[in-house]
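# Understanding the architecture of this molecule
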Protein chains: 2
Amino acid sequence: MVKEIESEIDWSEPLENVLPDFSKSGPLDVYRKQCSFNWREMASTLDDEEAIRIKNGLWKKMEQDPLFAHSPVDLSLEEHRISTLKKVFRFQDAVATLERGGETLSRPYSPRGRTVKNVEIATALGQYDWSVCLRRGILLGFFPNAVRGLGTEKHRKYINAAEKLQLTGCIAMTEISHGTNTKAFRTRATFDTRKQKFILHTPDFEAAKCWSANLGKTANYAYILAQLYTPDGECHGLHGFVVPIRDKQMNPLPGVTIGDMGAKIGLNGLDNGFMMFDNYELDIEGLLDKTGTVTPEGTYISPIKDTKKRFSASLGVLSGPRFGIVGLVVANASIAISIAIRYSAVRRQFGPDGSPELPVIEYQMQQCRLFPLLAGCYVFKCFSRYLFDTLFEFILSQFNPDISAEERAVMGAELHGISAAAKPVAGWLARDTVQESREACGGHGYLKAAGIGRLRDDGDSFLTFEGDNNVLLQQASNWLLNVWVNTKREEMATSSPFGAIKFLKNADARLKKKFVFKSREPREDFLQPGAILKAYKWLVCYLLKSTSEKFQGIQASGEDNFTAKNDSQFYHARTLSIVFVENYALDVFWHKFANNEDISWNIRLVLKKLMLIYGLSCLERHAGILYAGGYFSGPKPGRYIRENIIQLCKELKAEAISLVDALAPTDFILNSCLGASDGQVYKHLENAMKQTPGCFEKSKDWVDISKSLYSKL
Amino acid sequence: MVKEIESEIDWSEPLENVLPDFSKSGPLDVYRKQCSFNWREMASTLDDEEAIRIKNGLWKKMEQDPLFAHSPVDLSLEEHRISTLKKVFRFQDAVATLERGGETLSRPYSPRGRTVKNVEIATALGQYDWSVCLRRGILLGFFPNAVRGLGTEKHRKYINAAEKLQLTGCIAMTEISHGTNTKAFRTRATFDTRKQKFILHTPDFEAAKCWSANLGKTANYAYILAQLYTPDGECHGLHGFVVPIRDKQMNPLPGVTIGDMGAKIGLNGLDNGFMMFDNYELDIEGLLDKTGTVTPEGTYISPIKDTKKRFSASLGVLSGPRFGIVGLVVANASIAISIAIRYSAVRRQFGPDGSPELPVIEYQMQQCRLFPLLAGCYVFKCFSRYLFDTLFEFILSQFNPDISAEERAVMGAELHGISAAAKPVAGWLARDTVQESREACGGHGYLKAAGIGRLRDDGDSFLTFEGDNNVLLQQASNWLLNVWVNTKREEMATSSPFGAIKFLKNADARLKKKFVFKSREPREDFLQPGAILKAYKWLVCYLLKSTSEKFQGIQASGEDNFTAKNDSQFYHARTLSIVFVENYALDVFWHKFANNEDISWNIRLVLKKLMLIYGLSCLERHAGILYAGGYFSGPKPGRYIRENIIQLCKELKAEAISLVDALAPTDFILNSCLGASDGQVYKHLENAMKQTPGCFEKSKDWVDISKSLYSKL
Ligand SMILES: Cc1cc2nc3c(=O)[nH]c(=O)nc-3n(C[C@H](O)[C@H](O)[C@H](O)COP(=O)(O)OP(=O)(O)OC[C@H]3O[C@@H](n4cnc5c(N)ncnc54)[C@H](O)[C@@H]3O)c2cc1C
Ligand SMILES: Cc1cc2nc3c(=O)[nH]c(=O)nc-3n(C[C@H](O)[C@H](O)[C@H](O)COP(=O)(O)OP(=O)(O)OC[C@H]3O[C@@H](n4cnc5c(N)ncnc54)[C@H](O)[C@@H]3O)c2cc1C
């Protein structure tokens, strides 16, 4: 299966060759000519040049490789899975080649560079097919990271083997009746002193591990979470284990039952499986013993005394990927919005009497439906790059002796709060972008060949895994409320290591502010990023205050903590987490990108417009709160926000195609008859339909059926 | 293929047998016991008893018939289509049997009864599989109706044959480059006096007919729209033609090229096709000549002088189905919400310390995510029944000599405006309901066996066909604005035959009103349906006024009508159409159902709660406008609306399962391992997974690949 891939990336190739110019003659050219900036410069603002080279290099390789050719017919579940797996392995070569290319040019990766590269590869691969991306991510990332996180020196061999793909791993945490509430997992690992083994056991089907990706058909090792019992019958809470589950012939080992979960809404190249243990005997070394171990005599010993903390430590390692998901969902949405905007610039429908029909992108409706979503993709794409840097800073901090454990804990808490809010908000932005893009393409958007269906079906899963979106928002608001009611709020805000809550320092003063018009032309007040960010900071403070009051009110009425938390969610804590992260994303986008003097002026002008469009559209949705809370009054704020959105979208029309050019993957990856960069929609549509196998064939079955029916007319 | 179906409906069977009680021992029982009403009584409030018998009768027959057994594996495109078609034909028998059953009991259908029956059958069938419903609808409904609408006596034979399924028809209007802008279709029908034939010709691929359902593989006749040309080269606008397109062997006739459009996002049991004519010769009788004809000498004659009107007449016949779609999308959403709510009552996750975990339906978050959507389904289900009656009244009016043509025109315009707003708003409600239901089921909701994926994929198409949702909203607002600026507005409002715009009579007075609290407990003011309806009427008037001012402002600045229309859409005309129909639906739901004294008190109490929940949730979304326009001021209105929604949802928890029981189809039709009425989620989940073919089989391909990989650990 493993073939040599010849071509290698030439790191000295001019960027113009990596990102070649688009066709100058197609129907999109008229819009490309209107734009105020260079799309290639925009592309290199969105991504590091290195990232651009890596992803475009990989895409080129994939395009040349028959294994990656798009199938004209639907594959069966089994075919889809095997083909996905082959791609994961083939990709391994491509990556190796790339690295060699890199090394030839003496480009040894820094730890950060290596991580950037991995993120880029994951994204580039996901834009081709999310099943390939996720399978690879679990084999090479999640599994070894999970073992690294909880394991000790003796487990290094698993990590090494996994990273060379000599071991295929899966993560088996979720059980049939417990996903979100991890603490309640019921799989048991009881230590048997006589055998010197852990006896893994699944009490019933409801405790079966499930949803584990790669488990259904592929994995020979599993990282599992189970409740550790000592022979005295005491439970020491959840612990991680690395467990061999299949032999070389891929038969489940004795005591293990494994099944495939079958067809899903999407991601069908991925084999999610379920698994039950029947008094399965695991070598003692299978326990990942960083946070606790069992002596040969069966006594539990742990460096961490508090079981709660032990539990947190065991889950902490798995919270990083949420940041990754922000980038992945934006990459998914970027494809959809690129298809919809390019198609809208080509598709003509209606026009003024006697004139040629207009491309539908000329209509206010189409602009205002699509451009705020495009702006959202830009904001969250840049935000996800920034998040990645914060994460990296955090990871490096552990090697920095100047940073105390306490400081690290504060950093960790802030990152956790940010990621718990960013993943859902980005996920829903992506969901809505994909759906609106589908609808914006009218009937032809419903064709499979339009390429939007797969984005919806696969992308949907991101709303649920790595933490259900709605539950994550609760975690984010818990953190925010903790800060809010803490007597050291001012101090915490000041030290906010990533700056997400610095503005809480003068929250009381902020809450007293009202929006006042300052410019002579009042509409223009809402064209100031500062005004939007101020309104947002008021919003966050207002919701913190009202949520916290709500919570205390319920407590005061005699309810317990659990009830008070649950009963202050909707319209309170939930909205709080959403506005918190919208504010932070806008803040980052403005300060680090749109207002960053390292970026050229004309690029920044467009980024500013995007910031305004996304910011105002979000504020518009929160107008009810801004009014009810007294920050806004009178008809003007609502009216000017709306008028500005409409006006800005109108102005963005000239930029939209180039913005999409800078965001979209290559045509091969985009894989849409409506969204190709040459704008030849009808030619591609014709090819797509006519090349479908059986397009012109008649249905034999139907000929038979129809014989008995037809009357002579 | 056609088998006898033995069992027949027994019209005298007690309703208790048709809608048998649910299991009393399952996990849903605790909630069933809490509710304040009888679910069977609710079911007969939602549907006529006759409708209940019909749909349950059909569902039972389907369940007994192996042809309708749910396939455990995905069918290929070809298999899916043939199986769908077989079901359409089998269904024909079932319907016949039912009718016989009806007649035995001397239940001759009235015209209304017959239509109710057809609507019920379509819905019942669609809930099983939307492809079956739509294929049947086109064969037996759309096609003959289209011919009836534009044809004359000589075309009756086509209608008769179609209704007996001795002819398989399709509707071919849409072209590759024109869908919404029907006027611009480019297929030509040129009369040739020598041959006494119409020469049908497709100038290029962009003018190919496409998307035509049943065309890909099945149809032997097409209803097409083409531009009629007389030999003198003059174009007389769009006309309908009935055109034989395939011979008995299902080969396209000479001069016709037909292709299948291939895989789609959903509805893959339906064979959408494309078609081109190459100087195809059509007998003169093929012209549907109600609105115009050509003499043998080639002169065009028409009873309607104005080409514009002629065009409208030719499209009018096709606007009825939009009302039908309101019912269909609600039926689709009802399945999703039933699955999500039942699952939420069984799925336990977290709980207060030391107590058993709580079903997630106990959480405010889950309640407030799902119940407003459930309420929306109830409101729109009842609304669609009412719409059906208005449509029927309109149809009957043509036989009523007391109703003048002018009066009919007013009725027609109002119905068109209502349907153009109702179809999109119901469609998006359904879309959001399906999506939220998917997310509310967490990971297991992502399984195909959960049954929500098909609802999303098939249901998505409703947003586009029978008029793109966004374009339809423009048509609705055009009508409303016409009424608004008309000097006879008062008169028009007074005569509003269906009452949708009666309240415009005193619009000026309404616009001066502000919301004032009246009760001693101000929160309670928002528990009055009257208060919600008043706020809504203010909203509609406010948006009418501001949209109309916006429009006139643009005109005054020198822009033409076309531009002024387009530039007053977003946040104006579009929102106007939405609030208009939300108001009307709530109005109808309140006056004809929740406040209808023919309905028993305890049922009405629950309906009132649903009205409040849906109404307040919608108002909450419009709070920004209500504040900006000055109808609301201060923090209280916003706050009380939100608090009421939360409180009402909490109260509805006790009713939710029974509300769903009254709404959901039978378990066989629901076809979800998460949503079965016995609540045995984990048992069904286990069966679904274990019964998937290949669940426990290993992948041979993978065994081969893996051999070369594994190192010894
Ligand atoms: C494609 C896919 C791949 C996956 N891969 C893996 C894998 O490799 N390994 C693995 O271990 N797992 C995997 N999972 C499982 C995934 O992690 C879980 O599905 C996810 O964590 C959600 O948990 P759940 O399904 O138990 O949802 P539930 O917690 O059951 O959620 C159901 C509903 O209840 C709500 N809810 C839950 N708790 C509360 C609360 N306290 N308050 C209010 N509402 C609440 C949720 O919002 C949701 O609406 C995968 C899932 C999918 C879909
Ligand atoms: C499953 C399916 C079945 C179908 N079956 C049939 C059939 O049997 N027979 C048949 O003839 N057709 C059929 N159709 C075609 C269907 O009727 C058209 O797709 C539909 O009318 C939309 O038209 P369109 O595709 O041209 O959209 P377009 O008009 O091209 O819409 C593209 C985008 O432009 C926007 N837009 C268009 N005009 C304006 C404007 N003036 N202002 C602002 N925005 C605008 C739309 O909102 C949309 O976002 C079917 C379609 C589907 C998906």
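As the structure is a computational prediction, the values presented were derived from the model and not from experiment.

## Some details on the site of ligand 2
Around ligand 2 there are 29 residues in total, and Arg-347 of chain A together with Ile-171, Thr-174, Thr-180 and Asp-468 of chain B lie nearest to it. Take Thr-174 of chain B: an N or O atom from its side chain is 2.7 Å from a nitrogen atom of ligand 2. For ligand 2, a nitrogen atom lies 3.1 Å from a polar atom in the side chain of Gln-474 of chain B. If ligand 2 stood free it would expose 980 Å²; the protein chains cover 94% of that surface. Put simply, the parts of the chain that give the shell around ligand 2 at least two residues each are helix 11 (364-397) and helix 12 (405-440) of chain A together with strand 4 (209-212) and helix 14 (469-485) of chain B.

## With respect to the interface of chain B and chain A
The interface is formed by 127 residues belonging to chain B together with 128 residues belonging to chain A. Roughly 11300 Å² of surface becomes buried between chain B and chain A when both sides are summed, with 61% attributable to carbon and sulfur atoms. Counting every contact that joins chain B to chain A gives ten salt bridges. Glu-439 of chain B is the salt-bridge partner of Arg-431 of chain A, the closest N and O atoms lying 2.7 Å from each other. In this assembly, chain B and chain A are joined by 62 residue pairs in polar contact (both at pLDDT 80 or more).

## Section: the nonpolar core
In terms of nonpolar packing, the biggest core is built from 397 residues, with Tyr-378 and Phe-380 of chain A together with Tyr-378 and Phe-380 of chain B touching the most fellow members. In this structure Phe-380 of chain B touches Val-326, Val-330, Val-425, Ala-426, Leu-429, Ala-585 and Tyr-614 of chain B, once residues within four positions along its chain are discounted.

## Here we look at the environment of Arg-523 of chain B
All names here are of chain B. Mapped onto the secondary structure, Arg-523 falls in the loop between helix 16 (507-512) and helix 17 (529-556). Arg-523 sits 114 residues away from Pro-637 along the chain, and the two C-alpha atoms are 8.3 Å apart. Setting aside residues no more than four positions away along its own chain, Arg-523 makes contact with Tyr-640, Glu-643, Asn-644 and Gln-647. Engagement of the side chain of Arg-523 in a polar contact is seen with the side chain of Asn-644, the distance being 2.6 Å.

## What about the UniProt feature "domain: Acyl-CoA oxidase C-terminal" (unreviewed entry) in chain A?
UniProt's entry tags residues 529-708 of chain A with the feature "domain: Acyl-CoA oxidase C-terminal" (unreviewed entry), counted in the numbering of this structure. Structurally, residues 529-708 of chain A is divided into 77% helix and 0% strand, and its ends, taken at the C-alpha atoms, are 71 Å apart.

## Digging into the sheet that holds strand 8 (residues 273-277) of chain B
Residues and elements named next belong to chain B. Spatially, three strands are ordered 4-8-7 in an open sheet, and the strand pairing comes out antiparallel. Single-partner strands in this sheet number two, and they are strand 4 and strand 7 (256-260). With strand direction ignored, the average angle separating the axes of adjacent strands in the sheet is 20°. Looking at chain direction, strand 7 and strand 8 are connected through five bridges and run antiparallel. Counterpart to Val-256 in the pairing with strand 8 is Phe-277.

## Overview of the environment of Arg-347 of chain A
Residue placement: Arg-347 of chain A occurs in the loop between helix 10 (321-346) and helix 11. Given a relative accessible area of 11%, Arg-347 of chain A falls into the buried group. On a C-alpha basis, the gap between Arg-347 of chain A and Val-681 of chain A in space is 8.2 Å, while along the polypeptide they are 334 residues apart. Discounting chain neighbours no more than four positions away, the residues touching Arg-347 of chain A are Leu-358, Pro-359, Val-360, His-444 and Tyr-682 of chain A together with Ile-176, Ser-177, His-178 and Gly-179 of chain B. Within the structure, the side chain of Arg-347 of chain A is placed 3.0 Å from the side chain of Tyr-682 of chain A, a separation counted as a polar contact. Within polar-contact distance, the side chain of Arg-347 of chain A engages the backbone oxygen of Ile-176 of chain B at 2.9 Å.

## Considering the relation of the copies chain B and chain A
Under the fitted operation, chain B is carried onto chain A by 0.0 Å of movement along the axis and a turn of 180°, and the coordinates agree to an RMSD of 0.0 Å. The superposition of one copy onto the other is thereby described by a two-fold rotation axis. Considering only C-alpha atoms, the residue of chain B closest to the rotation axis is Gly-624 of chain B, which sits at 2.1 Å. An overlap of 100% is found between the interface residues of chain B and their copies at the interface of chain A, pointing to a shared contact surface.

## Details of the packing of aromatic side chains
Taken as a whole and assessed by the stated rule, the structure comprises 69 aromatic pairs over all chains. Geometrically, the ring pair formed by Tyr-446 of chain A and Trp-211 of chain B is tilted, given 6.4 Å between the ring centres and 50° between the ring planes. Placement of the pair is Tyr-446 of chain A in the loop between helix 12 and helix 13 (453-459) and Trp-211 of chain B in strand 4, with the two residues belonging to separate chains. Each member of the pair, Tyr-446 of chain A as well as Trp-211 of chain B, carries the same accessibility label: buried. Where Phe-696 of chain A meets Phe-274 of chain B, the ring centres are 6.0 Å apart and the plane angle is 75°; that geometry is what we call edge-to-face. With Phe-696 of chain A in the loop between helix 24 (681-690) and helix 25 (700-707) and Phe-274 of chain B in strand 8, this pair bridges two chains.

## Thoughts on the confidence of the model for chain A
Residue and element names in this part refer to chain A. Counting all residues, the mean pLDDT for chain A is 92, and 94% of those residues have values of 70 or more. Across residues 1-7, where pLDDT falls below 50, the model places 15 contacts with residues more than four positions away in sequence or in other chains. This stretch, residues 100-107, has a pLDDT under 50; its non-local contacts, to residues over four places away or in other chains, come to nine contacts.

## Notes on the UniProt feature "binding site: FAD" (unreviewed entry) in chain A
Residue and element names in this part refer to chain A. Sites flagged by UniProt as "binding site: FAD" (unreviewed entry) map to Thr-174. The topology assignment puts Thr-174 in the loop between strand 1 (169-172) and strand 2 (188-192). On the accessibility criterion, Thr-174 (26% relative accessible area) is partly exposed. In this structure Thr-174 touches Gly-179, Phe-185, Ala-208, Lys-209, Cys-210 and Trp-211, once residues within four positions along its chain are discounted.

## Points about the pattern of salt bridges
Applying the stated criterion to the full structure yields 75 salt bridges over all chains. The partner of Lys-157 of chain A in a salt bridge is Glu-285 of chain A, and the shortest N-O contact between them spans 2.9 Å. On the criterion of sequence distance, the pair formed by Lys-157 of chain A in helix 8 (residues 156-163) and Glu-285 of chain A in the loop between strand 9 (280-283) and strand 10 (293-294) is long-range, its members being 128 residues apart. Judged by relative accessible area, Glu-285 of chain A falls into the partly exposed class, the value being 25%. Here Asp-587 of chain B and Lys-537 of chain B are joined by a salt bridge, their closest N and O atoms 2.6 Å apart. Linking Asp-587 of chain B in helix 19 (residues 569-594) with Lys-537 of chain B in helix 17, this pair joins segments that are 50 residues apart in sequence. Via salt bridges that share partners, Arg-32, Arg-342, Asp-661 and Asp-667 of chain A belong to a single interconnected network.

## Here's the deal with the site of ligand 1
Surrounding ligand 1, one finds 29 residues, the nearest of these being Ile-171, Thr-174, Thr-180 and Asp-468 of chain A together with Arg-347 of chain B. The environment of ligand 1 is shared, with nearby residues belonging to chains A and B. Taking Asp-468 of chain A, its side chain carries an N or O atom lying 2.7 Å from an oxygen atom of ligand 1. Gln-366 of chain B has a polar side-chain atom sitting 3.1 Å from an oxygen atom of ligand 1. For ligand 1, whose free accessible area comes to 970 Å², the fraction covered by protein is 94%. Among the elements of the structure, strand 4 (209-212) and helix 14 (469-485) of chain A together with helix 11 (364-397) and helix 12 (405-440) of chain B are those that each provide at least two residues to the shell around ligand 1. By residue number, the principal contributor to the shell around ligand 1 is helix 14 of chain A, which donates three residues. Among the residues making up the shell around ligand 1, the classes are represented as twelve nonpolar, 13 polar and four charged.

What counts, and where the lines are drawn
- Per chain, the residues get numbers from 1 upward, laid out in the order the sequence is written.
- Here chains are named by letter from A upward and ligands by number from 1 upward, in the order in which they appear as written.
- Local features are withheld for residues below a pLDDT of 70 in this predicted model, meaning they are given only at 70 or higher, and side-chain atom pairs are given and counted only at 80 or more; totals for whole chains, interfaces and linings count all residues.
- Side-chain metrics in this entry use all non-hydrogen atoms of the structure; hydrogen atoms and water are not considered.
- Throughout this document, a residue counts as near a molecule or strand when at least one of its heavy atoms sits within 4 Å of that molecule or strand.
- By the criterion applied in these results, polar contacts are pairs of N or O atoms within 3.5 Å in which, for protein atoms, one can donate a hydrogen and the other can accept it, and in which residues neighboring in sequence qualify only through two side-chain atoms.
- All accessible areas in this document rest on Shrake-Rupley with a 1.4 Å probe, and a residue is counted as covered only by the protein chains that are shown.
- Helix and strand assignments follow DSSP, with helices taken as H or I runs no shorter than four residues and strands as E runs no shorter than two, numbered in order from the N terminus.
- Any pair of residues with heavy atoms lying within 4.5 Å of one another is described as a contacting pair.
- When two parts are brought into contact, each loses some accessible area as probed by a 1.4 Å sphere; the total of that loss over both is the buried area.
- Criterion for a salt bridge: a side-chain nitrogen of Lys or Arg within 4 Å of a carboxyl oxygen of Asp or Glu.
- The set of buried Ala, Val, Leu, Ile, Met, Phe, Trp, Tyr and Cys residues whose side-chain atoms join them within 4.5 Å is what this entry labels a nonpolar core.
- Partly exposed residues are those whose accessible area sits between 20% and 50% of the maximum for their type, while under 20% is buried and over 50% is exposed, using a 1.4 Å probe and protein chains only.
- UniProt positions are given in the numbering used here, feature names are shortened, and annotations may be inferred rather than shown by experiment.
- Pairing between strands is defined by DSSP: at least two bridges between the two strands are required.
- Between the N-to-C directions of two axes lies an angle of 0 to 180 degrees, each axis being a line fitted to C-alpha atoms and, for a helix, fitted only over the stretch in contact.
- Here the copies were fitted onto each other by least squares, based on C-alpha atoms from residues at pLDDT of at least 70 in both.
- Two rings from Phe, Tyr or Trp (for Trp, the six-membered ring) form a pair when their centres sit within 6.5 Å of each other. Planes less than 30 degrees apart are called stacked, planes more than 60 degrees apart edge-to-face, and all others tilted.
- The score called pLDDT rates the predictor's confidence residue by residue, from a low of 0 to a high of 100.
- Residue polarity is assigned by list, with Asp, Glu, Lys and Arg as charged and Ala, Val, Leu, Ile, Met, Phe, Trp, Tyr, Cys and Pro as nonpolar; anything else, Gly included, falls into the polar class.

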